[in-house]
Each structure stands twice: as C-alpha cells, then as structure tokens.
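The chain contents come next:
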Amino acid sequence: MTPAEMETRIVRYGDLKPCKTAFIDAHTPGSDQKENFTIIGGGVSESPDQHVHISIPHGFNIGAAGQPPKCRNSLHSHRTAEVFFVLKGRWRFFWGRWGDAGEVILDEGDIFNLPTGIFRGFENIGNDYGMIMAILGGDDAGGGVIWAPQVIEDAAEHGLVLSEEGKLYDTKQGQSLPSGVKAMPVLSEAELARYPESATADVIPNHVARYWDMVALADKTPARVIGADAMLRDKPGFEVSLMTRASASADMHQHDRASVLMPVTGHWKVAWEGGAATLAPGDTMSVPENLMHNAVPSMTGEAALYHILGTDDPAGPTWSAP
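Residues numbered from 1 in each chain as written. Predicted model: local features only at pLDDT ≥ 70, side-chain atom pairs only at ≥ 80, totals over all residues. Heavy atoms only, no water.

Looking at empty space enclosed by the protein
Rules: Whether a set of points on the 1 Å grid over the protein atoms alone is a cavity depends on a 1.4 Å probe fitting there but being unable to get out, while an open set qualifies as a pocket with protein on both sides within 12 Å along at least five of seven lines; lining residues are those with an atom within 4 Å of a point. Grid points are joined across faces, edges and corners, and a volume is the space filled by probe spheres set on the points. For the purposes of this entry, the term helix denotes a DSSP run of H or I that reaches at least four residues, the term strand denotes a run of E that reaches at least two, and both are numbered from the N terminus.
Enumeration over the complete set of coordinates arrives at 2 cavities of 30 Å³ or more. The computed volume of the largest cavity comes to approximately 260 Å³. Taken together, 23 residues form the lining of the largest cavity, with Phe-23, Asn-36, Val-44, Glu-82 and Phe-84 sitting closest to its centre. Of all elements in the fold, only strand E2 (35-40), strand E4 (60-67), strand E5 (72-77), strand E6 (82-88) and strand E11 (130-137) reach the threshold of two or more residues within the lining of the largest cavity.

Remarks on the sheet that holds strand E15 (residues 208-209)
As a general point, the strands of a sheet are linked pairwise by backbone hydrogen bonds and lie either parallel or antiparallel. Threshold: Two strands pair under a simple rule: DSSP has to find at least two bridges between them.
Pairing is mixed in the open sheet, where 7 strands are placed in the order E3-E2-E4-E11-E6-E9-E15. Two strands in the sheet have a free side with no partner beyond their single neighbour: strand E3 (52-54) and E15. Strand direction decides the pairing type here: E4 and E11, joined by 8 bridges, are antiparallel. Paired with Phe-60 across the strands is Gly-137, a residue of E11.

What about the state of the cysteines?
For the record, the criterion: We call a pair of cysteine sulfur atoms a disulfide whenever their separation is within 2.5 Å.
According to the stated counting rule, one finds 0 disulfides in the structure shown. There is no disulfide at Cys-19, and the cysteine sulfur nearest it, in Cys-71, is 14 Å away.

Overview of the nonpolar core
The nonpolar side chains of a soluble globular protein tend to be buried, and buried together. The following threshold applies: Take the buried residues of types Ala, Val, Leu, Ile, Met, Phe, Trp, Tyr and Cys, join any two whose side-chain atoms come within 4.5 Å, and each joined set is a nonpolar core. Buried, partly exposed and exposed residues are distinguished by accessible area as a fraction of the type maximum, computed with a 1.4 Å probe on protein chains only: under 20%, between the cut-offs, and over 50%, respectively.
Counting residues in each nonpolar core, the largest one holds 32 residues, and the members touching the most others are Ile-111, Val-225, Val-240 and Tyr-306. Listed in part, the 24 residues of the second largest apolar core include Val-44, Leu-75, Phe-94 and Trp-147.

Let's talk about helix H2 (residues 149-157)
We apply this condition: Two residues form a contact once any of their heavy atoms are found within 4.5 Å.
Among all positions in H2, only Pro-149, Gln-150, Val-151, Ile-152 and Ala-155 are buried. Looking at the buried side of H2, the elements it contacts are E5, strand E12 (146-147), strand E13 (160-162) and helix H3 (189-192). At the exit of H2 stands Gly-159, carrying a positive phi of roughly 95°.

Details of the environment of Gly-274
Here Gly-274 shows up in the loop between strand E21 (268-272) and strand E22 (275-279). Here the alpha-carbon distance between Gly-274 and Met-292, two residues 18 residues apart in the chain, equals 9.8 Å. With residues near it in sequence (within four places) discarded, Gly-274 still touches Met-1, Thr-2 and Pro-3.

Comments concerning the sheet that holds strand E16 (residues 223-227)
Read from one edge to the other, the open sheet built from 7 strands follows the order E1-E23-E20-E25-E18-E16-E17, with strand pairing classed as mixed. Every other strand in the sheet has two partners, leaving strand E1 (10-11) and strand E17 (232-233) as the edge strands with one partner each. The pairing of E16 with strand E18 (residues 238-244) spans 3 bridges and is antiparallel. Each bridged residue has a counterpart across the sheet, and for Ile-226 the counterpart in E18 is Val-240.

Listed below in structure tokens is the structure:
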C-alpha cells in the first residue's frame, strides 16, 4: 500500500467536515450550536447533509461531536454501544429520563462506555470549543437514535420534525412529511418504564475509565480498556485499548480485520510495508486487515493512542459480566 493509498484511510482533525443539522434538536436553544462528525461508517445522523469520511465497514462506527461552551446534546438512547473519549475540553455526561439520575465530569483522555438502554446527554462545560470522539457499535450503529419524548416535542416547536423512518424535515425551510409518512412517535409511558434510572454508583465504576489510570496500567503492555476481561467489562462488538510510549513496540504486526488508531496525546508514526504516516491528536486512521504495521511516538513527550479492533461478538445491549 502506497502512502497516497493509505492517506485515503486517514481522516485528519483539520479536515473534519461538520454537520450542524444532524439531529432533531438542531434548532433547539442550547443545542443549536453543536457539530456532528461521521468519520468511519454511516453513523446515526438524521440529516442528508452529513458528510461520511470513510464508508468502509469495520463492524463499528467512528464519529465525533464538537460543541462550544454551554452547548448540550439532548437526552437520547442507543441500542448498541456508545463510547466517548474526551479529546478537547471538559464535559459533563448525565443520564436518566429527565437527565437527573446521575452525572459524571470527564477530562481529556477519559473514556465512557455508556450503558445501552438508558437516556443520556452531554454538554461542554469547559471554556473553549470542545471535542469528544465516539465509537458506536455495529455497522448500522444500532439503527439510529431513540429520543426522550420532550426532545421531540421541543424540536417541533422550533420547526424540526422527524419521520418514523428517522429522516429529518425542517418546516422553517418549507419542508413537510411526505404523503403517507408518519412522524416518529414519542415513547409511551409503558415503553419509558423500561428505561432504567441507573445509579451513579453503578455507572461510574463499571463504565468510566480515567486517562491517568489507563496510562499507569499501560506501563509495559497496552491497557485493555473495553473488552470481556478489560477495565470496563463489555462485549460490544469491538475492543478498545490504550497504548503509551511505555507500551509502544516497533515490532511489526497485523490483524485479521481492519483496526482504528486514534491518538489522544503526542504524535505517532505509523509504518507499514510500503510507507509511513504521522498522526496527531484528533486524527483517525483505518489500518487495513492483514497489513503488517507498527505505531510508535515520533516525538518526545507525553504520547497515548487509542486502538479499536472489531470482534466476533454481535453489537447489541451492554454485556452483563458474570
């Protein structure tokens, strides 16, 4: 593979193309400044304006959300994994039917494997534009977003209507639901009762990993972050590990499926049979299956890199470890 060919599988942070109309709350005050990025896979955007950088199936999706201070993402749920790590800024994640069942503050490098089947939201509580990177389970990312009823109702007051097929229509632009197409129904009280109000004491120990703890654990080999026997025990259809300068190896290796490299800190040189490329924080690289390669820091200083690899486990509800 030539460097030019590999570059088509690298999405540079500075080249990310945002969509500001991705979701039903795009006009709702407090959520109307957020930007959605679909990096690998189709993602869960409800807008035809969404740009997809790499469409190659990996068994999971990679995306990102960028928001200015005090901007929030409205309460929603997913049928498959939704994992975030903080690239820039400080973020508050909250969950529950009304967003008041629990919350946690995450800083740069921290990672959160949000349990499926609970309503969740997040907001940038830092002082500058912030960015969180996302991993979504399954090639179809669980088939879309499930919104809390109040989100759909608030959106309608600001001109946005979601069809039952998951497509967004903007009445402010003269759009309306096509003939024969119904609006996305809000969840009934019986359906809402099936969404748990998970306690903070259950969520944080089992679903949150702190950056500096992972760095400490990656002193000899990469820290296993998400997996059946990892820090956060789950089988979402992919595994996540954190590699640092201390655990990086120049030994060439390969995987039998495409993998993804996402630097958190420092610059990383990825070499393969045929070339090399340097990645910076915020860059995303899809390494082809069966390609011999390695990844090592290219400069002195702090360096950490998330590595995501698909598994044979089906994407679906959060796994209950025995």
